[in-house]
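Structural description and commentary
Residues per chain are reported as follows:
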Amino acid sequence: MHRIIKCVMVFFISVTFLTGCVHHSFWDSDQKVSDDILEKIIEGINNKDEDAIKELFSEYAIENSESFDADVQSMFDFIDGNIVSYEESSPAGSFESSDRNYRIKKISSYYYVSTATDKYFFLIDNYSKNTLESEKQGVKCLIIVKAEDRLKVYDDNEKILFDGEEKIDRYGVYIPDIY
């Protein structure tokens, strides 16, 4: 009887460790995907490489952006100097939807990005997986503000992400007209 109890305890402890490790690896996966996208964006900004930036965005985001190429150029002008560091503002969050016919995963990530002279806040919405509408897979939007203006992104009076209680759908690179 004592041996059965030990076996059951070992089994439950093993399952707990395995479940904990699997959950942890999914969390790391979202963060890793977000960090990889950010690092590619930073490289594109530092090299002023419009094609490298465009490559990250979904076909749908580029088509639905008001002026993708001009917005990328505005981003290059807005960022003062080369980006030298970044840090997470808050952990990446994800939304998943699936059934046997499709799988969609959207990761939203938030970073502080610094140059030698300034600090910025980046909000990145990325569809890391979209088998339902493949043209939507990739970065949907990149919102950039100065770090001290981070809370304005969520202020419905600023109309960056919200207009009243309604969420505004942004595509491409977006630098609010608050500067």
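Residues numbered from 1 in each chain as written. Predicted model: local features only at pLDDT ≥ 70, side-chain atom pairs only at ≥ 80, totals over all residues. Heavy atoms only, no water.

1. Observations concerning the layout of surface pockets
Taken as a whole, the largest pocket holds about 220 Å³ of empty space. What lines the largest pocket is Asn64, Ser65, Glu66, Ser67, Asp71, Ser74, Asp169, Arg170, Tyr171, Val173, Tyr174 and Ile175. Looking at the lining of the largest pocket, the elements with two or more residues in it are helix H4 (68–78) and strand E7 (172–174). (1 Å grid on protein atoms, 1.4 Å probe; cavity = no way out; pocket = protein on both sides within 12 Å on 5 of 7 lines; lining within 4 Å. Points joined across faces, edges and corners; volume = space filled by probe spheres on them. Helix = DSSP H or I, 4+ residues; strand = E, 2+ residues; numbered from the N terminus.)

2. Here we look at the packing of aromatic side chains
For any pair of aromatic rings, the description rests on two quantities: the centre-to-centre distance and the angle between the ring planes. Applying the stated rule across the entire model yields 5 aromatic pairs. When the ring centre of Tyr171 is taken as origin, the NZ or CZ atom of Lys140, which lies over that ring, is 5.1 Å away. The cationic tip of Arg170 hangs over the ring face of Tyr174; the distance from NZ or CZ to the ring centre is 3.9 Å. (Phe/Tyr/Trp six-rings, centres within 6.5 Å; stacked < 30°, edge-to-face > 60°. Lys NZ or Arg CZ within 6 Å of the ring centre and 35° of its normal.)

3. Regarding the side chain of Asn130
For Asn130, the position within the fold is in strand E3 (residues 119–130). At 3.1 Å, the side chain of Asn130 and the backbone nitrogen of Leu132 are in polar contact. A polar contact is formed between the side chain of Asn130 and the backbone nitrogen of Glu133, at a distance of 2.8 Å. Contacts of Asn130, omitting those with residues within four sequence positions, involve Arg103, Ile104, Lys136 and Gln137. (Polar contact = N/O pair within 3.5 Å; in protein donor to acceptor, adjacent residues only side chain to side chain. Contact = heavy atoms within 4.5 Å.)

4. Thoughts on the pairing of strand E4 (residues 138–146)
Along E4, 9 of the 9 residues are buried, which leaves the element largely enclosed by surrounding structure. Pairing of E3 with E4, which is carried by 8 bridges, proceeds in the antiparallel orientation. Residue pairing across strands places Tyr127 opposite Gly138, the latter belonging to E4. One ladder, built from 3 bridges, connects E4 with E7; its direction is parallel. Paired with Cys141 across the strands is Gly172, a residue of E7. (Buried < 20%, exposed > 50% of the residue type's maximum accessible area, 1.4 Å probe, protein only. Pairing = 2+ DSSP bridges.)

5. Here's the deal with the nonpolar core
Ranked by size, the top nonpolar core spans 26 residues in total, and within it Met75 and Phe122 carry the most contacts. Elements with a contribution of two residues or more to this core: helix H1 (2–46), helix H2 (50–56), H4, strand E2 (103–115), E3 and E4. Contacts of Met75, omitting those with residues within four sequence positions, involve Ile45, Ile53, Leu142, Ile144, Val173 and Ile175. By size, the runner-up hydrophobic cluster in this structure holds 11 residues, among which are Tyr112, Phe121, Ile143 and Leu161. (Core = buried A, V, L, I, M, F, W, Y, C linked by side-chain atoms within 4.5 Å.)

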